[in-house]
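Analysis of the macromolecular model
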Amino acid sequence: MSLERINPGELSPATGFSHAVTAKGGTVVFLAGQTALDAGGALVGTALTEQFETALTNLLDALAAAGGAPADLARVTVYATDIADYRANSRELGRIWQRLAGRDYPAMAVVGVVRLWDEQALVELDGIAVLP
């Protein structure tokens, strides 16, 4: 299986994401939305950065349980209840991403939402991975 990250020069620079990702061969894994819930179902953290780190960890743990690694992520969608807060913290969120998932960026989107399933949740991540 191979993922190819495509970032055409005629598009704006891809910073923290890839414009397109192709996958050849392998098994597709659909990852359910993950918020900052701990193993007991309690929400962890009150700040966006804290919740993002836990939600990303949960997403990567689900991926690992399916036999994958961060580099296998082809697509991630981030749902945020406050886009202004997300933008204001984008550098720190990027550092968290790089520490946990590395620099092989999937195709990504950030979507502003009114609220998430867990009322105190500030962010949720879902994704698609392709495993060898």
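Residues numbered from 1 in each chain as written. Predicted model: local features only at pLDDT ≥ 70, side-chain atom pairs only at ≥ 80, totals over all residues. Heavy atoms only, no water.

1. As for the overall build of the chain
Summing up its helical and strand segments, the chain has 3 helices and 6 strands in all. Its helices and strands in sequence order give the chain the pattern β-β-β-α-β-α-α-β-β, from N to C terminus. The C-alpha atoms of the chain give a radius of gyration of 14 Å, which matches the 14 Å a tight globule of 132 residues would have. Taken over 132 residues, the chain has a buried fraction of 33%. Considering only intrachain contacts with a sequence separation of at least 6, the fraction spanning at least 24 residues in the chain is 74%. Surface exposure of the chain reaches about 7200 Å², of which carbon and sulfur atoms provide 53%. (Helix = DSSP H or I, 4+ residues; strand = E, 2+ residues; numbered from the N terminus. Rg over C-alpha atoms; globule rule 2.2 N^0.38 Å. Buried < 20%, exposed > 50% of the residue type's maximum accessible area, 1.4 Å probe, protein only. Contact = heavy atoms within 4.5 Å. Areas by Shrake-Rupley, 256 points an atom, 1.4 Å probe, with all protein chains shown as cover.)

2. Focus: the side chain of Gln51
Looking at the secondary structure, you find Gln51 in helix H1 (residues 48-65). For Gln51, the side chain forms a polar contact with the main-chain oxygen of Gln120, separated by 3.3 Å. If we ignore the near neighbours within four places in the chain, the residues touching Gln51 are Ala36, Leu43, Val44, Gly45, Thr46, Gln120, Ala121, Leu122 and Val123. (Polar contact = N/O pair within 3.5 Å; in protein donor to acceptor, adjacent residues only side chain to side chain.)

3. Here we look at the layout of surface pockets
Considering only enclosed or pocket space, the largest pocket measures out at about 530 Å³ in volume. When residues of the lining of the largest pocket are traced back to their parent elements, those giving at least two are helix H2 (83-88), helix H3 (90-101) and strand S5 (107-112). At 5 residues, H3 tops the list of elements feeding residues into the lining of the largest pocket. Among the residues forming the lining of the largest pocket, the class breakdown is 10 nonpolar, 5 polar and 1 charged. (1 Å grid on protein atoms, 1.4 Å probe; cavity = no way out; pocket = protein on both sides within 12 Å on 5 of 7 lines; lining within 4 Å. Points joined across faces, edges and corners; volume = space filled by probe spheres on them. Nonpolar A, V, L, I, M, F, W, Y, C, P; charged D, E, K, R; others polar.)

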